[in-house]
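Next come the chains, spelled out residue by residue.
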Amino acid sequence: MTRREAREQALAMIFEMNFNDNTVGEMVDNALIFRDETVDEYAVGIAEQVRLHWEDNLSSIEQYSKKWKANRLPKVSLAILMLAMTEIAYVKDAPVGAVINEAVELAKKYAGPEDASYINGVLGGYVRGTMGEATLPAKTEE
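Below you will find a few notes about this structure.

**What to know about the overall build of the protein**
Logical step 1: Per the secondary structure count, the protein includes 7 helices and 0 strands.
Logical step 2: What you see in the protein, going N to C, is helices and strands ordered as α-α-α-α-α-α-α.
Logical step 3: Taken over the C-alpha trace, the protein has a radius of gyration of 15 Å; the compact-globule value for 142 residues is 14 Å, and the two agree within 12%.
Logical step 4: In terms of principal-axis extent, the alpha carbons of the protein reach across some 45 × 30 × 25 Å.
Logical step 5: The burial tally for the protein puts 46% of its 142 residues in the buried class.
Logical step 6: Contacts spanning at least 24 positions in sequence make up 70% of the contacts within the protein whose residues lie at least 6 apart.
Logical step 7: For the protein, the accessible surface area stands at approximately 8100 Å², while carbon and sulfur atoms represent 50% of it.
Logical step 8: Charge separation in the protein, taken as the distance between the mean sites of 15 positive and 23 negative side-chain charges, equals 8 Å.

Right under this line is the structure:
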């Protein structure tokens, strides 16, 4: 399974966390039982980290979001931000630029039309605020 596919699986579990208190293990079991779907280990690891750091991520979203409070965000956008912030903060081998790009692509696929640029802005602010400007990939001229 590709990292992109694993992120989509993690996103589904994180989205579900907005609505119930199931453990990640219960979500994985349900995927096997009801959808006959195996869940990638990377997706499970990210979802577990999100569950562990939920409040810290909410606090970061509040800090770096200029437009919306976390409780006012669409649930899918919140889940995408949770996924990306967790990867950036807690996954050692996840390249920051790739994580942000994947988050933007997930937003284009699953969220509203303006959410992709909003998510990009929040994540950019988060990275600058927590890791410094040099961590962000260089912008290219188009």
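**With respect to helix H7 (residues 115-131)**
A turn of α-helix holds 3.6 residues, and therefore any two residues three or four places apart point the same way.
Logical step 1: Given a rise of 1.5 Å per residue, 17 residues ought to cover 24 Å, and the 23 Å separating the end C-alpha atoms of H7 matches this to within 8%.
Logical step 2: Buried residues along H7 sit in contact with helix H4 (54-64), helix H5 (75-90) and helix H6 (96-110).
Logical step 3: Positive phi shows up at Gly132, right after H7, with a value of about 100 degrees.

**Side note on the side chain of Glu87**
Logical step 1: Relative to the elements of secondary structure, Glu87 occurs in helix H5.
Logical step 2: A relative accessible area of 1% places Glu87 in the buried class.
Logical step 3: Residues in contact with Glu87, not counting those within four places in the same chain, are Arg7, Tyr42, Ile46, Ala94 and Val99.

**Digging into the pattern of salt bridges**
Logical step 1: All chains considered together, the criterion is met by 6 salt bridges.
Logical step 2: A salt bridge links Glu87 to Arg7; the shortest N-O distance between them is 2.8 Å. Linking Glu87 in helix H5 with Arg7 in helix H1 (residues 3-17), this pair joins segments that are 80 residues apart in sequence. Neither Glu87 nor Arg7 differs from the other in exposure class; each is buried.
Logical step 3: Residue Lys108 is joined to Glu105 by a salt bridge in which the shortest nitrogen-to-oxygen separation is 3.5 Å. Pair noted here: Lys108 and Glu105 are both in helix H6, with a separation of 3 residues, about one helical turn.

Analysis parameters
Residues numbered from 1 in each chain as written. Predicted model: local features only at pLDDT ≥ 70, side-chain atom pairs only at ≥ 80, totals over all residues. Heavy atoms only, no water. Helix = DSSP H or I, 4+ residues; strand = E, 2+ residues; numbered from the N terminus. Rg over C-alpha atoms; globule rule 2.2 N^0.38 Å. Buried < 20%, exposed > 50% of the residue type's maximum accessible area, 1.4 Å probe, protein only. Contact = heavy atoms within 4.5 Å. Areas by Shrake-Rupley, 256 points an atom, 1.4 Å probe, with all protein chains shown as cover. Lys, Arg positive; Asp, Glu negative; His and termini not counted. Charge placed at Lys NZ, Arg CZ, Asp CG, Glu CD. Expected span 1.5 Å × (residues − 1). Salt bridge = Lys/Arg side-chain N within 4 Å of Asp/Glu carboxyl O.

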